[in-house]
Number of protein chains: 2
Amino acid sequence: MPAAKKPRKSAIDPADFKGRAATINDIARLAGVSKKTVSRIINRSPLVREETRERVEALMREVGYTPDPLARGLAFRRSFLIGMVYDNPTAQFIVNMQYGALDALRGSGFELVVHPCDSRSPDYIDGVRRFVQQQKLHGVMLVPRVSEDQALADMLASIGCRYTRIAAVALDAHSRMVITHDRDGAAEAADYLQTLGHRDIALITGPGAYRSAIERTEGFVDALSRRGIKLPKSRVLEAGYTFESGVAAAEKLLSAKDRPTAIFCENDEMAAGVYRVALRMGISIPRQLSVIGYDDSPLASRLWPPLTSVRRDTRDTGRIAAAMLIQSEDDLRGRPVASVRPHLVARDSCQPPEA
Amino acid sequence: MPAAKKPRKSAIDPADFKGRAATINDIARLAGVSKKTVSRIINRSPLVREETRERVEALMREVGYTPDPLARGLAFRRSFLIGMVYDNPTAQFIVNMQYGALDALRGSGFELVVHPCDSRSPDYIDGVRRFVQQQKLHGVMLVPRVSEDQALADMLASIGCRYTRIAAVALDAHSRMVITHDRDGAAEAADYLQTLGHRDIALITGPGAYRSAIERTEGFVDALSRRGIKLPKSRVLEAGYTFESGVAAAEKLLSAKDRPTAIFCENDEMAAGVYRVALRMGISIPRQLSVIGYDDSPLASRLWPPLTSVRRDTRDTGRIAAAMLIQSEDDLRGRPVASVRPHLVARDSCQPPEA
DNA sequence: CTGAAAGCGCTTACAG
DNA sequence: CTGAAAGCGCTTACAG
């Protein structure tokens, strides 16, 4: 009978577990501690001796152990999933928000599960509730425009689900908000146009029911007013954040005898609509008409001339919103409110008005 | 002592469970069967008497019971999550694929978890493996271009993970493929240009390492050749599926003395680059130059003139790929291979060549 | 067709 | 600072 090999730490390898992954029991046994101690280490409890923690953590790394999120979820009564809830923003916005959220989640053991919905549907809140409760979500990110729906936030609070709301202004407790300061972005556009010498300026807004549109409108109008320019009602047209609605608004503005020398559009899609109409009518951008958009989407640099636009760091926004959901609520308290600031990206679609 | 109320079935409501959700034990107790029978019903086992099944199902509906995916996942050693793995396609493509996948998953109890990655990174396959194993994913959808990576597919097979690959041609067993027939889409573009009377045609391709680009190129070249048009090497430029690479290729093609009368671009981004160069050089589309793109992205209708493009039903593709993952493997066997056909959407960017 | 026992891999509540 | 017992809500393997 050959002498039993002396087990050396460095001899442990995943193959020891015959194809199955290591469990908390394997770690406890190999480390010579109870599974509860291992559990404490997994959950970063301070109630573990430093030497023990280091030894067990080294072992975990060696065998490539990661705790099973299903088992942890079952015991915690809460999964390691973060939900992202949104209602049809542009594709680039969704994707950037997802990339940002995943930046924050990488290496944390949390994963991102996506939930588009239709906020005009009467039972969409119920749909979100089922999504959250059935999956026992750890938390959800609410993206504009669903982030603006107080009834949705109230429902989530009532079932004890953590959430972060991404919106132009603080609609909720600071620990639940990421503020995008749309008012400031629009104000920057206004200042820029005034500085270039424009006085006869028009505004194509998003839908009045959207908080982002309200803020961009007020930010733009107020900033112009601070610089002594009054925007008459006839120069403000409400549209729908779509290309087609931008076309319709531009047709009204540009077919009038006294057309404006500059137009600020509250998103890039509508600015593309203005380009379309200007091209059709033989109005040269920027010589005869300056145009500014909002979003700085890929479209902005595909247009000719490249569109000056207010950039928002959507990826950063998503990263912050997700990071807040996986922080301890203590860490969140007492911090300044999370915010992401927009800024103007000047390209070639603006110049001083013709004499 | 008041007489105990006789429990009527219709009197059961979720509040009976004092805030906590009903469990399989509640259902079993209330229905007067064992939890194993309830489990059989959840899992659609045929080994349950019809009357029993109906009675229990009615009860489940009444109390709003849904099985806990964490508990089921722990017992099954497999979660109810479908992963979507991709490496930076366009935003619209990703989002449409996600919508499609969610169409298939809705009401199934499965959810979609997203996993973008960088296939140029040496350890990206390892990253996908950790993602799959840690979350115990039920299956993953592989989107181009990661779908074309045989090493990735092999790794998934080796760890026993179900997958579906979306690609231009069958790269794998039929039960694991959704075929997009890019060759046919490109051929349709070729036929259209030939029918319009073009003979001097150019092609701007995607990267030669992409299967989609290979197929679109061969489909286009072969279709022209069948119609008696030979595409000289000098008329075929490889680009990178990006706007900028489209600009560069267009500059070469359009600055030559004998420029082509039509250009087929293997995606819309590159077609937008051709538009940019044509505009700068004063070449009128479609009068002096016909252009066709591929994807039929939103960009196609934002351009002026609206771009003729090969549409692919990405949402449908995603729906089929996800549906295959949650079907039983028996159901999948013996079926014809899943496929989605592209088709040309004619807009205003093509006309017969000038005399 | 139905059920009692054991187990999936963790955590909580309690004890020391 | 550490541990033994019970439990999270399901399924598997076995028995009848």
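Residues numbered from 1 in each chain as written. Chains lettered and ligands numbered in written order. Predicted model: local features only at pLDDT ≥ 70, side-chain atom pairs only at ≥ 80, totals over all residues. Heavy atoms only, no water.

- You'll find chain A entered in an unreviewed UniProt entry as LacI family DNA-binding transcriptional regulator, with Marilutibacter penaei given as the organism.

1. Concerning the protein's contact with DNA strand C
Then comes step 1: As a matter of local geometry, DNA strand C sits amid 27 residues, with I24(A), K36(A), S39(A), N43(A) and T37(B) nearest to it.
Then comes step 2: The sugar and phosphate moieties of DNA strand C supply 67% of its atoms located within 4 Å of the protein.
Then comes step 3: A distance of 2.9 Å separates a phosphate oxygen of DNA strand C from a polar side-chain atom of Y65(A).
Then comes step 4: One nitrogen or oxygen atom from the side chain of T37(B) is found 2.8 Å from a phosphate oxygen belonging to DNA strand C.
Then comes step 5: Within the residue set of the surface near DNA strand C, elements represented by two or more residues are α2 (35-42) and α4 (69-76) of chain A together with α2 (35-42) and α4 (69-76) of chain B.
Then comes step 6: In terms of residues, the surface near DNA strand C owes the most to one element, α4(A), which gives five residues. (Near = heavy atom within 4 Å. Polar contact = N/O pair within 3.5 Å; in protein donor to acceptor, adjacent residues only side chain to side chain. Helix = DSSP H or I, 4+ residues; strand = E, 2+ residues; numbered from the N terminus.)

2. Brief notes about the sheet that holds strand β8 (residues 262-265) of chain B
Residues and elements named next belong to chain B.
Then comes step 1: The mixed open sheet is built from six strands, whose spatial order is β7-β6-β8-β9-β10-β12. Edge positions in the sheet fall to β7 (236-238) and β12 (343-345), since each of these pairs with one other strand and no more. Looking at each pair of strands side by side, their axes are set apart by 20 degrees on average, direction ignored.
Then comes step 2: One ladder, built from four bridges, connects strand β6 (residues 201-205) with β8; its direction is parallel. The residue bridging A202 from the neighbouring strand is I263, located in β8.
Then comes step 3: Set on the sheet, helix α8 (residues 182-196) makes contact with β6, β8, β9 (290-295), β10 (308-311) and β12; between it and β9 the angle comes to about 165 degrees.
Then comes step 4: Along the sheet, helix α9 (residues 211-226) contacts β6, β8 and β9; its crossing angle with β6, the most-contacted strand, is approximately 165 degrees. (Pairing = 2+ DSSP bridges. Axes fitted to C-alpha atoms, helices over the stretch in contact; angles between N-to-C directions. Contact = heavy atoms within 4.5 Å.)

3. Describing the pattern of salt bridges
Then comes step 1: The tally for this structure, following the rule as stated, stands at 60 salt bridges over all chains.
Then comes step 2: Here E50(A) ties to R53(A) by a salt bridge, and the two come within 3.9 Å at their closest N and O atoms. Placement of the pair is E50(A) and R53(A) together in helix α3 (residues 50-63), with a separation of three residues, close to one helical turn.
Then comes step 3: Take E50(A): its relative accessible area is 46%, and that puts it in the partly exposed class.
Then comes step 4: The exposure class of R53(A) is buried, given its relative accessible area of 13%.
Then comes step 5: As a salt-bridge pair, D191(B) and R227(B) come within 2.9 Å of each other at their nearest N and O atoms. Of the two residues, D191(B) sits in helix α8 while R227(B) sits in the loop between α9 and β7, which places them 36 residues apart along the sequence. (Salt bridge = Lys/Arg side-chain N within 4 Å of Asp/Glu carboxyl O. Buried < 20%, exposed > 50% of the residue type's maximum accessible area, 1.4 Å probe, protein only.)

4. Some remarks on the protein's contact with DNA strand D
Then comes step 1: Near DNA strand D there are 27 residues, and of these I24(B), K35(B), K36(B), S39(B) and N43(B) occur at the shortest range.
Then comes step 2: If you look at DNA strand D and keep only atoms within 4 Å of the protein, 67% of those are sugar or phosphate atoms.
Then comes step 3: One of the backbone nitrogen or oxygen atoms of S34(A) is found 2.9 Å away from a phosphate oxygen of DNA strand D.
Then comes step 4: At 3.4 Å from a base nitrogen of DNA strand D is found a main-chain nitrogen or oxygen belonging to A71(B).
Then comes step 5: Residue contributions to the surface near DNA strand D peak at five residues, all from α4(B).
Then comes step 6: Its residues assigned to classes, the surface near DNA strand D comprises 13 nonpolar, six polar and eight charged. (Nonpolar A, V, L, I, M, F, W, Y, C, P; charged D, E, K, R; others polar.)

5. Remarks on the pairing of strand β8 (residues 262-265) of chain A
All names here are of chain A.
Then comes step 1: Here β8 shows a buried face lined by A262 and F264 and a second buried face lined by I263 and C265.
Then comes step 2: Bridge count for β8 against strand β9 (residues 290-295) is three bridges, and the pairing is parallel. Residue I263 lies in a different strand from β9, and its bridge partner there is V291.
Then comes step 3: Chirality of the crossover, the property in question, places the unit of β8, helix α11 (residues 268-281) and β9 among those that are right-handed. (Right-handed = clockwise from strand over helix to strand, strands pointing away.)

6. A word on empty space enclosed by the protein
Then comes step 1: Tallied over the full model, the rule gives three cavities of 30 Å³ or more.
Then comes step 2: If you add up the space inside the largest cavity, you get close to 140 Å³.
Then comes step 3: As for the largest cavity, its lining consists of P69(A), L70(A), S79(A), F80(A), L81(A), Q135(A), P69(B), L70(B), S79(B), F80(B), L81(B) and Q135(B).
Then comes step 4: Those elements that provide at least two residues to the lining of the largest cavity are α4 of chain A together with α4 of chain B.
Then comes step 5: Of the residues assigned to the lining of the largest cavity, the class counts are eight nonpolar, four polar and no charged.
Then comes step 6: Residue lining of the second largest cavity: 13 residues in total, with F93(B), P144(B), I166(B), T180(B) and R312(B) positioned closest to the centre.
Then comes step 7: Every element with two or more residues in the lining of the second largest cavity is listed here: α5 (91-105), β4 (162-167) and α13 (314-326) of chain B.
Then comes step 8: Here the residues of the lining of the second largest cavity sort into six nonpolar, four polar and three charged. (1 Å grid on protein atoms, 1.4 Å probe; cavity = no way out; pocket = protein on both sides within 12 Å on 5 of 7 lines; lining within 4 Å. Points joined across faces, edges and corners; volume = space filled by probe spheres on them.)

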